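For reference, the chains in residue letters:
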Amino acid sequence: MFSCFLKSFKLKTTYRVNTFIYSVKQLPIIKSLLKNTLYSNKPLKVLGLIFSIILELIDTFLGKFLYVFLIIFSLASIYEGESSNSVFIHIFIFLTIAGSFMNTYMFNPTKDKYYAMFSLRMDAKLYTLTNYYYTILKVIVGFLPFTIIFGLMSHVPLIICLIIPFFVAATKIIVASYLLKQYEKKDQITDENHPLKGMWILTGILLALAFALPYFHLTIPLIPSLIFMIITIIFSLTRLSYLNNFNKYKEIYKIILTEGNMNLASYKTNNTNIQKKQIEKQINIKDNVTSNKHGYAYFNDLFVKRHSKILLSSAKKVTVFALIAIIVCIIIIKALPPLALEINNWLLVMLPYFVFIMYLINRGQVVSQAMFMNCDHSMLTYGFYREPKVILNLFRERLKSVIIINLLPATIIGLGLTLILFVSGGTDNILEYPLLFISIIAMSIFFSVHHLVMYYLLQPYNVNSEMKSSTYQVVNFLTYLACYWMIELQIPIFSFGLMTIIFSILYCLISLILIYKLAPKTFKLRV
Amino acid sequence: MKLIINHLTKSFEEKIVLNDINFTFKQGKIYGLLGRNGSGKTTFFNCLDQDIPFDEGTFNLIKDNETNTLQLTDIGYVLSTPNVPEFLTAREFLKFFLDINEDKLKEKKTIDEYFDFIHIAEEDRDKLLKDYSYGMKNKMQMLVNIIANPNVLLLDEPLTSLDVVVAEEMKEMLKSIKKDHIIIFSTHIMELALSLCDEIVILNNGKLEEIDRKNLTDQAMKDKIIKALTEEK
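Residues numbered from 1 in each chain as written. Chains lettered and ligands numbered in written order. Predicted model: local features only at pLDDT ≥ 70, side-chain atom pairs only at ≥ 80, totals over all residues. Heavy atoms only, no water.

Digging into the environment of F372 of chain A
Residue and element names in this part refer to chain A. By the secondary structure assignment, F372 is in helix α16 (residues 364–379). Of the residues examined, F372 reaches a relative accessible area of 0% and is grouped as buried. Once the C-alpha coordinates of F372 and I233 are considered, the two residues, 139 residues apart in sequence, prove to be 50 Å apart. (Helix = DSSP H or I, 4+ residues; strand = E, 2+ residues; numbered from the N terminus. Buried < 20%, exposed > 50% of the residue type's maximum accessible area, 1.4 Å probe, protein only.)

Points about the interface of chain B and chain A
With 35 residues of chain B at the contact, the number on the chain A side is 36 residues. At the boundary of chain B with chain A, total buried surface from both sides reaches about 3,000 Å², with 60% on carbon and sulfur atoms. The largest contributions to the chain B side of the interface with chain A come from E13, F87 and F96 of chain B, which together make up 24% of the buried area. The interface formed by chain B and chain A holds four salt bridges in total. Among the ionic pairs, R386 of chain A bridges to D49 of chain B, the shortest N-O distance being 2.7 Å. There are 10 residue pairs in polar contact (both at pLDDT 80 or more) connecting chain B and chain A. No other element matches helix α2 (residues 90–100) of chain B, which puts seven residues into the side of chain B that touches chain A. Within the side of chain B that touches chain A, the residues separate by chemical class into 14 nonpolar, eight polar and 13 charged. (Contact = heavy atoms within 4.5 Å. Buried area = accessible area lost by both parts, 1.4 Å probe. Salt bridge = Lys/Arg side-chain N within 4 Å of Asp/Glu carboxyl O. Polar contact = N/O pair within 3.5 Å; in protein donor to acceptor, adjacent residues only side chain to side chain. Nonpolar A, V, L, I, M, F, W, Y, C, P; charged D, E, K, R; others polar.)

Focus on a nonpolar patch on the surface
All names here are of chain A. On the surface, V46, L47, I50, I54, I58, L62, L66, L70, I71, L75 and I78 cluster together to form a nonpolar patch covering roughly 940 Å² of accessible area. Along the chain, I78 falls in the loop between α3 (42–76) and α4 (84–102). On the accessibility criterion, I78 (55% relative accessible area) is exposed. (Patch = residues over 30% accessible without salt bridge, like charges linked within 9 Å, V, L, I, M, F, W, Y side chains within 5 Å. Areas by Shrake-Rupley, 256 points an atom, 1.4 Å probe, with all protein chains shown as cover.)

Points about the pairing of strand β8 (residues 182–186) of chain B
Residues and elements named next belong to chain B. With five of five residues buried, β8 is to be regarded as a mostly interior element. In terms of strand pairing, strand β3 (residues 29–35) meets β8 through five bridges, oriented parallel. Among the inter-strand pairings, K29 is bridged to a residue of β8, identified as I182. In this sheet, β8 lies alongside strand β7 (residues 152–156) in parallel orientation, the contact comprising five bridges. Its bridge partner being in β8, L154 is matched across the sheet by I184. (Pairing = 2+ DSSP bridges.)

Points about the nonpolar core
By size, the foremost hydrophobic cluster in this structure holds 130 residues, and its most contacted members are Y385 and Y456 of chain A together with M140, I200 and I225 of chain B. Per-element tally for this core: the top contributor is helix α18 (residues 432–458) of chain A, with 15 residues. Counting residues in hydrophobic clusters, the runner-up holds 65 residues, among them F107, M199, L226 and Y242 of chain A. (Core = buried A, V, L, I, M, F, W, Y, C linked by side-chain atoms within 4.5 Å.)

Focus on the pattern of salt bridges
Applying the stated rule across the entire model yields 25 salt bridges over all chains. Between K400 of chain A and E397 of chain A there is a salt bridge whose closest N-O contact spans 3.5 Å. Of this pair, K400 of chain A and E397 of chain A both sit in helix α17 (residues 388–423), three residues apart, which is roughly one turn of the helix. Two residues, K127 of chain B and D124 of chain B, come together in a salt bridge whose shortest N-O distance is 3.0 Å. A relative accessible area of 34% places K127 of chain B in the partly exposed class. Through salt bridges with shared partners, a single ionic network connects R91, D112, D116, R125 and D126 of chain B.

Brief notes about the environment of M379 of chain A
One can find M379 of chain A in helix α16. On a C-alpha basis, the gap between M379 of chain A and K172 of chain A in space is 47 Å, while along the polypeptide they are 207 residues apart. In this structure, M379 of chain A is in contact with F299, F384 and Y385 of chain A together with P85, F93 and F96 of chain B, ignoring residues within four places of it in sequence.

Some points on the sheet that holds strand β6 (residues 75–78) of chain B
Residues and elements named next belong to chain B. Taking strand neighbours across the sheet as the criterion, the six strands line up as β6-β7-β8-β3-β9-β10 in an open arrangement whose pairing is mixed. Of all the strands in the sheet, the pair left with one neighbour each is β6 and β10 (207–211). For this sheet, the mean angle separating the axes of adjacent strands, direction not counted, is 20°. (Axes fitted to C-alpha atoms, helices over the stretch in contact; angles between N-to-C directions.)

Some remarks on the confidence of the model for chain A
Note that predicted coordinates carrying low pLDDT should not be read in detail. Residues and elements named next belong to chain A. Residue-level pLDDT values for chain A average 84, and 92% of them are 70 or greater. Averaged over each element, pLDDT in chain A is lowest for helix α11 (residues 268–282) (50) and highest for helix α9 (residues 222–245) (93). This stretch, residues 262–272, has a pLDDT under 50; its non-local contacts, to residues over four places away or in other chains, come to 25 contacts. (pLDDT = per-residue confidence, 0-100.)

As for the packing of α2 of chain B against helix α4 (residues 134–147) of chain B
Residues and elements named next belong to chain B. Two elements in contact, α2 and α4, have axes separated by 11 Å at closest approach and are oriented at 20°. Judged by the inter-axis angle, α2 sits roughly parallel to α4. Here the hand of the crossing between α2 and α4 comes out right-handed. Counted together, A90, F93, L94, F97 and L98 of α2 and M140, L143, V144 and I147 of α4 form the full contact between these two elements. (Parallel < 35°, antiparallel > 145°, perpendicular 65-115°, else oblique. Left-handed = near helix turned anticlockwise from the far one by under 90°.)

Brief notes about the pairing of strand β4 (residues 56–63) of chain B
All names here are of chain B. One ladder, built from six bridges, connects strand β1 (residues 2–12) with β4; its direction is antiparallel. Of the residues in β4, the one forming a bridge with K2 is I62. Two strands pair when backbone bridges link them, and β4 and strand β5 (residues 66–69) are joined in this way by four bridges, in the antiparallel orientation. Counterpart to K63 in the pairing with β5 is E66. Counting the residues in the hairpin turn of β4 and β5 gives two residues, including D64, whose phi is positive at 50°.

A closer look at the sheet that holds strand β2 (residues 15–26) of chain B
Residue and element names in this part refer to chain B. Here four strands make up an open sheet; going across it, the order is β2-β1-β4-β5 and the pairing antiparallel. Each edge of the open sheet carries a strand with a single partner, namely β2 and β5. Between one strand axis and the next, the sheet turns by 20° as a mean value, whatever way the strands run. Sitting on the sheet, helix α1 (residues 41–48) touches β1, β2 and β4, and the angle it makes with β1 is about 120°.

Side note on the packing of aromatic side chains
Scanning all chains against the criterion turns up 52 aromatic pairs over all chains. Consider the rings of F422 of chain A and Y433 of chain A, whose centres lie 6.1 Å apart with planes at 65°: the pair is edge-to-face. Residue F422 of chain A is found in helix α17, and its partner Y433 of chain A is found in helix α18; the two are separated by 11 residues along the sequence. Relative accessible area serves as the criterion here: at 16%, Y433 of chain A is assigned to the buried category. One aromatic cluster is present, built from ring pairs that chain together Y296, F299, F303, Y382, F384 and Y385 of chain A together with F87, F93, F96 and F97 of chain B. Over the face of the ring belonging to Y242 of chain A we find R239 of chain A, whose NZ or CZ atom lies 5.0 Å from the ring centre. A cation over a ring is seen here: K10 of chain B above F12 of chain B, with NZ or CZ 4.7 Å from the ring centre. (Phe/Tyr/Trp six-rings, centres within 6.5 Å; stacked < 30°, edge-to-face > 60°. Lys NZ or Arg CZ within 6 Å of the ring centre and 35° of its normal.)

The following block contains the structure:
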């Protein structure tokens, strides 16, 4: 068993190191300096092993720390008037039960499982059990310090603090054995990344019980909690033999690992079908719509209409949500006049905050992804589609669509904010009303242009839909960081609005010039 | 019409995949490009199709006594895996293609005439391409490349995985259009190359070499090809 564990750990390490080298090799400039021989570099492999062990430690402890501290300890301390220990235990128990369904490890489709059991044909049962027990051990060891620290801080008796990690492990074992039993009975299994509807409902109920009951001063008392945990642990021990005697792990993984839930980038034969299934799931292809347009407009029109689910629905949802938020805000302002002043003061300097909001609601990136996966991925293999005239004409049509899609929520947000500014007390500078509205529109157009331009200039995918450029990811990450950083800024509407509008206009002009100059060369499939 | 390749060199890091290739392909012939796995056939096509940068070399097209650099519009590249826009019906795909190329196409036909030419049944013409079979997608890919009427048609194992009827239809279709094109057909199947292609070219050790099939039986030709493909540097 131990040798099987060692082999699988080595495999995981190799996979991590190679993925790391591969990612670094995709970076501009650096990629030309690094050779393929790096993959056989021994010191690098040792470094990789150390890196992998550190990752294991982080995986073991950091997540558990954040979970216990942020989700349980911090939230438990919010409930006033309740004894903190019973709230702590109460939340822990319900979240643990929810988590045992949503985070099973056993039914999580990961690449290392695929490589081990299918590519390298390791014994599926041995591999699964060794790694499963290792994960269960990590759960116990990882939780223990934090249940002790935060449990004691919440005045939970030490004995319960010590038992909680075993209780977490026990629920996982019971749920895993239950799901395996269900498979034996009904021949049905789902991977944990795509839980059934019932699972979501159950999780919702458990979350509600975890957080809502303490609000109504209802928590499970300590002693019943302790008894429940002990019974769970004892019961889980009886389920271990079931896990050990179960012989259909390979069957299960055949279902889980080929259900279109892994991005097996290096397995091209499987990849095409998997990607295809994902695309068909994500994108609603309606076949009852048509278009009266011509040429590029015709092509783009059909694309937008046939992908309305992914392109338009979300923009409509955001619009409705924004509308509701604005109405609620106005009602609050009218109902609670003291808040009006605060909202007014906040709004006068918080326009930068909306850069992040507009970034979050912009559909540009999703639209570009859909364009690639369901259109350009195939069309770019045709020479005629890569002619500069075609690229630029289609770019123009697409830009119009993306801007229009995003303008719908932007207009509502822009008008809503202007209205909120007005009803909450207004501003001395009358120019700030139009500036507020126009700058929101400018932000929306900016993000629409930005995402589409980046896609055309850095088109990062190859014909198998594998991401071949980290530059694209780096740019997206930097965009996120820049927008996130804006949250911290407090600048009056007038100056920030003006800056936003000028910046957006300049950015759009420059990027459109770049598109006309560079896109015919850059917009092609990566090889 | 001739496609002249001069000094084409392409390497990936230290590995030279295409090594100073000089070759002339002529109109009216189907060239069977044979090579072992990893010999660089797809790289060769990708260079011609300007999908990847190459270290050195030029591609010239001599047509009507005029020599020009090979342009993207001169090439049609049919991949082994058919790629079609799945959100369109076959008719919509063709309409879009014909719309945007209306000023270029010389002998225009109706959409249905094109479908007849490639043997796509009437009831399939208004189906979404996502519901097309592998072979039908392949036909659509081939059709669009043929209508575009490129001077050079690159075919990367296009008949692999097709059923015998469709494969036979495609072979006949290729023979029917070869007089106006330079067709380079990459395949692993020697029988297919020998039955369809006018010339056999092998890519081995980074070099292109034409195998003279004059007065040779198929078996003798096969032996000669195998010998050439297994030759070390």
